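Notes for the structure review
One letter stands for each residue in the lines below.
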Amino acid sequence: MAPRTTGGAGTRMSAEQRRAVVLAAAVEEFALGGLTGTSTEAIASRAGISQPYLFRLFPTKKELFLAAVRATFTLTRERFETAAGDLVGADALTAIGSAYDELLTDRTYLLMQMQSYASCGDPDIQEVTRQGFRDLWQTVERVSGCDDEELRTFFGHGMLLNVVAAMNLQEIGDRWAREICS
């Protein structure tokens, strides 16, 4: 979702700016290792701050993970709204689908999204992930005006795209993979 983020020597940032830098670094790290497999040391290093300062900005690793999940869903929702613009119905869904295809080219984005779903064994993460998905559903429903069946088909296709992108199926030439990708 973002390149390596450091403040650099002598850079003055507000706490909110530093939180944004830390959050971008956390998304990069959590996308690869998930909540349990990611160290706060790696996040702090990527953000160019000390580990104690990281914990002043985000009191726990789990709170930072939850913020990363929220940020990923927020990015998706905002892109969907922008893509739909004044379009409705199938035209809105097509535009939103194209925006989603573009998001999926960012491996960090894709993996962070997958980490949020994979971590739903934790009730707090499950709740934040449910809220994020609910907001996506309601956004697409509002901007497109589509009915529940169209929305289920649209979101079902989106989940298939996640799996296709995660496995890089478009890179293999087997018939079954070509069929799924077409």
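Structure's up top.
The present account deals with the structure reproduced in this document. None of the values given here were measured: they were computed from a predicted structure. Each chain carries its own residue numbering, running from 1 in the direction its sequence is written. In view of the model being predicted, local features appear only for residues whose pLDDT reaches at least 70, and side-chain atom pairs are presented and counted only at 80 or more, with totals across whole chains, interfaces and linings using the full set of residues. Only hydrogens and water are set aside; all other atoms, that is, all heavy atoms of the structure, feed into the side-chain values.

**Examining the side chain of Q115**
Note that Q115 resides in helix α6 (residues 107-118). Here A31 takes part through its backbone oxygen, which lies 3.4 Å from a polar atom of the side chain of Q115. Residue contacts are counted whenever heavy atoms from the two residues lie within 4.5 Å of one another. When near neighbours in sequence (up to four residues on either side) are disregarded, Q115 contacts F30, A31, L32, G33, G34 and F65. Each helix is a run of H or I in the DSSP string that is no shorter than four residues. Each strand is a run of E no shorter than two, and both are numbered from the N terminus. Whenever two N or O atoms come within 3.5 Å, that pair is a polar contact, provided that in protein one can donate a hydrogen and the other can accept it, and provided that, for residues adjacent in sequence, both atoms are side-chain atoms.

**Let's talk about the packing of helix α4 (residues 61-84) against α6**
Each pair of packed helices can be described by the angle between their axes along with the distance between the axes. To define axes, lines are fitted to C-alpha atoms, for helices over the stretch in contact only, and angles between the resulting N-to-C directions are given on a 0 to 180 degree scale. The contact between α4 and α6 brings their axes to 10 Å, and the two run at 120°. Relative to α6, the element α4 is oriented oblique. Our pair here, α4 against α6, has a crossing hand that is left-handed. The segment α4 lies against α6, with F65, A68, V69, T72, F73, L75 and T76 engaging Y109, M112, Q113, Q115, S116 and Y117. Polar here means any residue other than Ala, Val, Leu, Ile, Met, Phe, Trp, Tyr, Cys and Pro, which are nonpolar, and Asp, Glu, Lys and Arg, which are charged; Gly is therefore polar. Its residues assigned to classes, the contact of α4 with α6 comprises eight nonpolar, five polar and no charged. Roughly parallel means an angle under 35 degrees; roughly antiparallel, over 145; roughly perpendicular, 65 to 115; everything else is oblique. Note: crossing handedness is left-handed where the near helix turns anticlockwise from the far helix by less than a right angle, and right-handed where it turns clockwise.

**Side note on unusual backbone geometry**
The bulk of non-glycine residues show a negative phi, and the bulk of peptide bonds are trans. The phi torsion at N168 lies on the positive side, around 50°, for a residue other than glycine. Topologically, N168 is positioned in the loop between α8 (148-167) and α9 (175-181).

**A few points about helix α2 (residues 40-47)**
Buried, partly exposed and exposed residues are distinguished by accessible area as a fraction of the type maximum, computed with a 1.4 Å probe on protein chains only: under 20%, between the cut-offs, and over 50%, respectively. Restricting attention to buried positions, one finds in α2 the residues T40, I43, A44, R46 and A47. Across the axial projection of α2, the buried residues extend over an arc of 165°, all falling on one side. At its buried positions, α2 is contacted by α1 (15-37), α3 (51-57) and α4. Of the residues one or two after α2, G48 is the one with positive phi, at around 75°. For this quantity, the arc is that covered by the directions from the helix axis to the C-beta atoms.

**Quick look at the packing of aromatic side chains**
Any Phe, Tyr or Trp ring, taking Trp's six-membered ring, that has another such ring centre within 6.5 Å forms a pair; planes under 30 degrees apart are called stacked, those over 60 apart edge-to-face, and the others tilted. Here the structure, examined in full by the defined rule, presents eight aromatic pairs. Relative to F65, the ring of F30 lies with its centre 5.0 Å away and its plane at 80°, an arrangement referred to as edge-to-face. Taken as a pair, F30 in helix α1 and F65 in helix α4 lie far apart in primary sequence, 35 residues in all. Each member of the pair, F30 as well as F65, carries the same accessibility label: buried. Seen from their ring centres, F80 and Y100 are 5.9 Å apart, and the 75° between their planes marks the pair as edge-to-face. Of the two residues, F80 sits in helix α4 while Y100 sits in helix α5 (residues 89-103), which places them 20 residues apart along the sequence. The exposure class assigned to F80 is buried, which follows from its relative accessible area of 4%. A connected cluster of aromatic rings, assembled from ring pairs, spans F73, Y117, F133, W137, F154 and F155. Only when the NZ atom of a Lys or the CZ atom of an Arg is both within 6 Å of the ring centre and within 35 degrees of the ring normal do we say a charge sits over the ring. A cation sits over an aromatic face here: R19 above F58, 4.1 Å from the ring centre.

**Let's talk about the pattern of salt bridges**
Salt bridge, as used here: a side-chain nitrogen of Lys or Arg that lies within 4 Å of a carboxyl oxygen of Asp or Glu. This structure, assessed with the given rule, holds nine salt bridges. A salt bridge links D124 to K62, with the nearest nitrogen and oxygen atoms 2.5 Å apart. Of the two residues, D124 sits in helix α7 (residues 123-144) while K62 sits in helix α4, which places them 62 residues apart along the sequence. Residue K62 is classed as partly exposed on the basis of its relative accessible area of 25%. A salt bridge links E149 to R152; its shortest N-O distance comes to 2.8 Å.

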